[in-house]
Amino acid sequence: MSATLSDAADVRRMDAEDPLRPFRDRFQLPPGVIYLDGNSLGALPRATSARIAEVIGVDWGEGLIRSWNTAGWIDAPARVGAKIAGLIGAEAHEVTVADSTSVNLFKLLAAAMGDRPERRMILTEAGGFPTDLYVAQGLAAFAPHLQVRAVAREAIKAALDADTGVLLLTHVHYKTGATYDMAAMTRAAQAEGSLMLWDLSHSTGAVAVDLEAARADLAVGCGYKYLNGGPGAPAFLYVAERHQARLRSPLSGWMGHAAPFAFGDDYHPADGLARFLCGTPPVLGLAALEVGVDLMLQADLGEVFAKSQRLCSLFINQVEARCAGLGLQLVTPRDRRARGAHVSFSHPQGYAVMQALIARGVIGDFRAPDILRFGFPALYLRYEDVEAAVEVLREVLASQAWRAEAFQVRATVT
Ligand SMILES: *Cc1c(COP(=O)(O)O)cnc(C)c1O
């Protein structure tokens with residue numbers, strides 16, 4: 001008991017001394033909720049509602065079609081992309097915002113294989129995020145000379161060979177939180193003449209990423225996770241400048257044309273990254289995403305990443321100290337340099353345990369077959385939230401409250 005009391009005093013002091021403390025107020029968080037799922041859907045920045053109301057009421061309602069030019073709508077993909085570039089160590093003209101992560105994966109995988117026509121293999125990690133595997137499989141079904149090979153993490157380097165056109169990896173694993181050494185894996189792929197495509201969905205805004213230092217080739221990532229862009233926010237894609245003139249998007253829509261408003265019959269890709277746009281940009285989604293990205297850019301990023309790591313470490317330590325013997329097994333690397341900003345524990349009744357937590361206002365998520373996943377975005381979480389969440393977890397496990405009938409029923413989205 002005394003250990004618990006001194007823990008509580010420690011976390012209050014850590015919150016009082018937290019330089020990021022003012023950022024929590026910039027989010028609209030529901031009372032009575034400890035939100036540990038910002039790695040799946042980021043929280044709502046307070047500024048978003050007013051900004052969206054302005055874009056709808058003024059830019060759309062009054063500006064109407066003029067706003068494509070006068071309200072910066074047409075430039076939004078490049079403008080917001082340039083801001084995201086600042087979060088991932090890229091140059092402004094190497095990132096643009098378009099489509100979903102899944103669609104961007106398709107575009108870049110196809111572009112990479114088109115750039116290495118003598119090679120057949122798309123190599124990726126078995127057990128990676130499903131859409132990454134599915135999109136690669138879909139491309140191979142559509143272009144039957146291509147093949148997809150998914151191998152265990154430890155076997156990736158050995159599986160790279162002269163037939164590998166592209167290596168696709170998620171930098172922070174969505175389930176375990178384990179990270180790859182981006183520079184080392186990129187070098188390994190490039191040493192075989194392959195292109196390296198990074199999925200940064202669980203990395204952007206969560207951990208330090210330096211695409212330039214890693215000499216990365218290609219990347220994609222999500223707008224609605226740590227960037228707080230809102231449900232279904234548009235995604236981003238990165239193509240290193242040295243590849244931009246050669247690579248071609250398979251989705252040759254008019255927004256990627258060199259002169260969309262010349263309305264010619266034949267497709268000529270735009271110079272630069274704009275060629276990876278397809279159709280009309282989703283203006284409302286871009287506006288919300290821009291608010292989230294602007295907010296993150298106001299914070300000291302080194303502090304953001306360091307605080308997320310401290311939150312993760314505190315959570316791991318507290319769970320292991322207070323929930324010992326209650327069926328949880330740490331899945332995430334203990335070494336803070338080897339993980340992202342979320343922590344996963346397995347539990348044989350993981351789904352029901354998570355439902356019981358959510359019923360008590362502690363929101364994380366469940367990933368089949370048995371993973372309880374908790375995200376620790378630094379901008380709006382407090383150390384005291386970690387402390388309180390662990391106490392709820394301990395109570396749910398110790399009382400076996402998860403056994404209630406209601407917690408066994410699977411919803412569509414977990
Ligand atoms: C969240 C996530 C995605 C999401 O793709 P969508 O097209 O936005 O549904 C893709 N890849 C990874 C690794 C993710 O974590």
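What counts, and where the lines are drawn
- Residues numbered from 1 in each chain as written.
- Predicted model: local features only at pLDDT ≥ 70, side-chain atom pairs only at ≥ 80, totals over all residues.
- Heavy atoms only, no water.
- Salt bridge = Lys/Arg side-chain N within 4 Å of Asp/Glu carboxyl O.
- Helix = DSSP H or I, 4+ residues; strand = E, 2+ residues; numbered from the N terminus.
- Core = buried A, V, L, I, M, F, W, Y, C linked by side-chain atoms within 4.5 Å.
- Buried < 20%, exposed > 50% of the residue type's maximum accessible area, 1.4 Å probe, protein only.
- Domains from an automatic or database assignment.
- Contact = heavy atoms within 4.5 Å.
- Polar contact = N/O pair within 3.5 Å; in protein donor to acceptor, adjacent residues only side chain to side chain.

A. Spatial organisation of the pattern of salt bridges. Under the defined criterion, the tally for this structure stands at 26 salt bridges. For Glu 125, the salt bridge identified is with Arg 153, shortest N-O distance 3.1 Å. Highlighted residues: Glu 125 in strand 5 (residues 121-125) and Arg 153 in the loop between strand 6 (147-151) and helix 7 (156-159), separated in sequence by 28 residues. Among the salt bridges present, the one from Arg 337 reaches Asp 335, with a minimum N-O distance of 3.1 Å.

B. Here's a closer look at the nonpolar core. In terms of nonpolar packing, the biggest core is built from 91 residues, with Ile 84, Ile 88, Trp 198, Leu 211, Phe 315 and Phe 376 touching the most fellow members. If one sorts the elements of this core by residue count, helix 11 (residues 301-322) sits on top with nine residues. Built from parts of two domains, this core gets at least three residues from each of domain 1 (8-31 + 300-407) and domain 2 (50-297). Each residue touching Ile 88, except ones within four places of it in the same chain, is listed here: Val 95, Leu 200, Thr 204, Val 209, Asp 210, Leu 211 and Phe 236. Membership of the second largest hydrophobic core comes to 25 residues, among which are Leu 108, Ala 140, Leu 168 and Leu 197.

C. How the structure looks around the domain arrangement of the protein. Partitioning the protein into domains gives domain 1 (8-31 + 300-407) and domain 2 (50-297). The C-alpha-based centres of domain 1 and domain 2 are spaced at 30 Å. On the domain 2 side, the residues contacting the 26 residues of domain 1 number 19 residues. In this structure, the connection of domain 1 to domain 2 is made through zero salt bridges. Remark: the boundary between domain 1 and domain 2 carries ten residue pairs in polar contact (both at pLDDT 80 or more). Elements with a contribution of two residues or more to the side of domain 1 that touches domain 2: helix 11, strand 12 (342-346) and strand 15 (371-375).

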